[in-house]
Amino acid sequence: MAVTEGGQVRVRGQGTFMAAALNDWFGKDIAGRLSGQADWKGELSLERGRQRFRLESNLLGLGVRLPAPLEKAAGKSASFVFEQQGLDGGAKRSALQYGNIATAVWVSKPGAAGYALERGEINFGGKAQLPDGPGMQIVGSVSSFDLGGWLALLPQGRGVGGGGVSGIDLELASLDFMDRRFDDIRITGGLKGSLLRTSVSGRGMAGNVTYRPAEGGNTARISAQFKQFVLPNPLPHAQGAGAAAMRLRAADFPAFDLQVQELSFGSRPMGRLELIAHGLHSGMAVDQLNLIHADSVIRMSGTWKDSGIGETRMKVNAEIKDAGQMLGRFGYADALWKGVATVDGEVVWLRSPADFSFATLDGTLRLKAKNGQFLKVEPGAGKLLGIASLQSLPRRITLDFRDVFSGGFAFDEISSTMQVADGTVYTSDFLMKGPAASVKMSGMARLRDESVKLRVKVTPKLSEGVAVAGALLGGPVAGVGALVVQKVLKDPFEEAISYEYLVDGPWDSPTVTKVAKPKSAQEKEPES
């Protein structure tokens, strides 16, 4: 219906809009997350060459599957108001209200490439005010915000755009990013030249983040320095298809460098983090990922493929200065005393670099360790370490070698090449040497159900003792002769008193069977 009042023409209308009809307004990425229909009413007024438009709806019947805080069930209403009016020079002033969640106001001006933002404000939980300076201000407070979900809805391309943001003052009760939830977040900051510099604080974090937009052929870059950063555990739904569909594509991530003085995974201290990465068409390249602690230095580089559930592939090198202290940080306190070790190899696991898990680990790792001692492992803690040190095996072995293993096995060196596949560790060359004995193992350890299937050979170090005994009983010549024979014949005395076992079953209570030794030629019965 059109009416004329005082030289002003007004056109009023009302009706019902379908979600499928909103593609031209919002684009298919956003409109595709709308479903159903809702009633609307609007008015277009024309006066002296200027126009003013107002659209209202309670959105009842329209389902909104956008990331938090804008999600809405179809059966719930939310006041939606959009207004736009013409200004001098062809500029436009626009305003928007979405329930009591957010309001926005902005001015855009025409240019060669169409209308562009001049200035504006988005206010969560309050009424937006048009700022005096250029750019978009983002202010207010919100109960939950899915940052990863919103970034995933940005247009595809190398580097996340800054969107003309000139200032931020936000309080977020919870922020979801990379399948994790961060609580009590405060973000403040503004433009310094072309750089957006912000201060970020929250539960378990304190630091600064700087965003440099893409320009001059360079990709966008995020630089972050944190004094402390606690990485929460993944959200329960993070492994579902819904989470995969609502997360940031690694390929769209800008160039990124991060330094954290005190990084923790939950309650586990990890040391200092140094990370340099950049986006690829197939995902993300991790140029450098270093974890530096007083007890160890872990260096990694590789790629993160972010299609489907995601996959991380890394080259790993770890230099462990105190293996006992490092194991203590990972929940195995008092399992090992000292010990120097190196671990290197190439491995792959599911999801992001932050989602490392032995249950999804595949690859090859090479271990070398020296100068440590297994301590007496308590039941239920460090079960696999208990098997490696032979302490948690049944009485069969501890009776054969009570003095060697019962109080903790000291080792001079350990070496092994481990193949890891589908949560199972395979080895054919585990060798542990100590002043009291040497231990060889081959077989597998299943990490998912905590079970093993191993063949173990234990050989006490008695050769030099036998030579000394020979010297005492038969004189120096006899002792030297015994020692030479032992070395030339590869320690026949040690072989005579060595034992082999088959170990099969759960880590805390495996079944151990002694392997019978083959009879020597002298012991075999003569053929008839």
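As shown above, the structure is provided for reference.
Since this is a predicted model, take the numbers as computed values, not measurements.

**Observations regarding the overall build of the protein chain**
Along the protein chain, the regular secondary structure elements total 11 helices and 29 strands. Counting all 528 residues of the protein chain, 40% fall into the buried class. A total accessible area of about 28,400 Å² is found for the protein chain, and carbon and sulfur atoms account for 55% of it.

**A look at the pairing of strand β4 (residues 50-57)**
Of the strand pairs in this sheet, strand β3 (residues 34-47) and β4 are connected by 7 bridges, and their pairing is antiparallel. In the sheet register, Lys41 faces β4, and the bridge partner there is Glu56. Sheet topology note: the β4/strand β6 (residues 80-86) ladder contains 6 bridges and is antiparallel. Bridge assignment links Leu55 to a residue of β6, and that residue is Phe82.

**Quick notes on the pattern of salt bridges**
Inspection of the entire model under this criterion finds 24 salt bridges. With a shortest N-O distance of 3.8 Å, Glu83 and Arg52 are connected by a salt bridge. In this pair, Glu83 is assigned in strand β6 and Arg52 in strand β4, connecting sequence segments 31 residues apart. With relative accessibility at 24%, the residue Glu83 sits in the partly exposed group. Among the residues examined, Arg52 registers a relative accessible area of 44% and is labelled partly exposed.

**Quick look at the packing of aromatic side chains**
Applying the stated criterion across every chain yields a total of 7 aromatic pairs. Note on Phe356 and Phe358: the rings are 5.2 Å apart at their centroids and 75° apart in plane angle, and the pair reads as edge-to-face. Residue Phe356 is classed as partly exposed on the basis of its relative accessible area of 41%. Every member of this aromatic cluster is reached through a ring pair, and the members are Phe182, Phe226 and Phe229. Cation over ring: Lys92 sits above Tyr115, and NZ or CZ is 4.6 Å from the ring centre.

**As for the pairing of β3**
Relative to β3, strand β2 (residues 8-18) runs antiparallel, the two being bridged by 10 bridges. Bridging across to β3, Gly13 finds its partner in Gly42.

Reading the values: the criteria
Residues numbered from 1 in each chain as written. Predicted model: local features only at pLDDT ≥ 70, side-chain atom pairs only at ≥ 80, totals over all residues. Heavy atoms only, no water. Helix = DSSP H or I, 4+ residues; strand = E, 2+ residues; numbered from the N terminus. Buried < 20%, exposed > 50% of the residue type's maximum accessible area, 1.4 Å probe, protein only. Areas by Shrake-Rupley, 256 points an atom, 1.4 Å probe, with all protein chains shown as cover. Pairing = 2+ DSSP bridges. Salt bridge = Lys/Arg side-chain N within 4 Å of Asp/Glu carboxyl O. Phe/Tyr/Trp six-rings, centres within 6.5 Å; stacked < 30°, edge-to-face > 60°. Lys NZ or Arg CZ within 6 Å of the ring centre and 35° of its normal.

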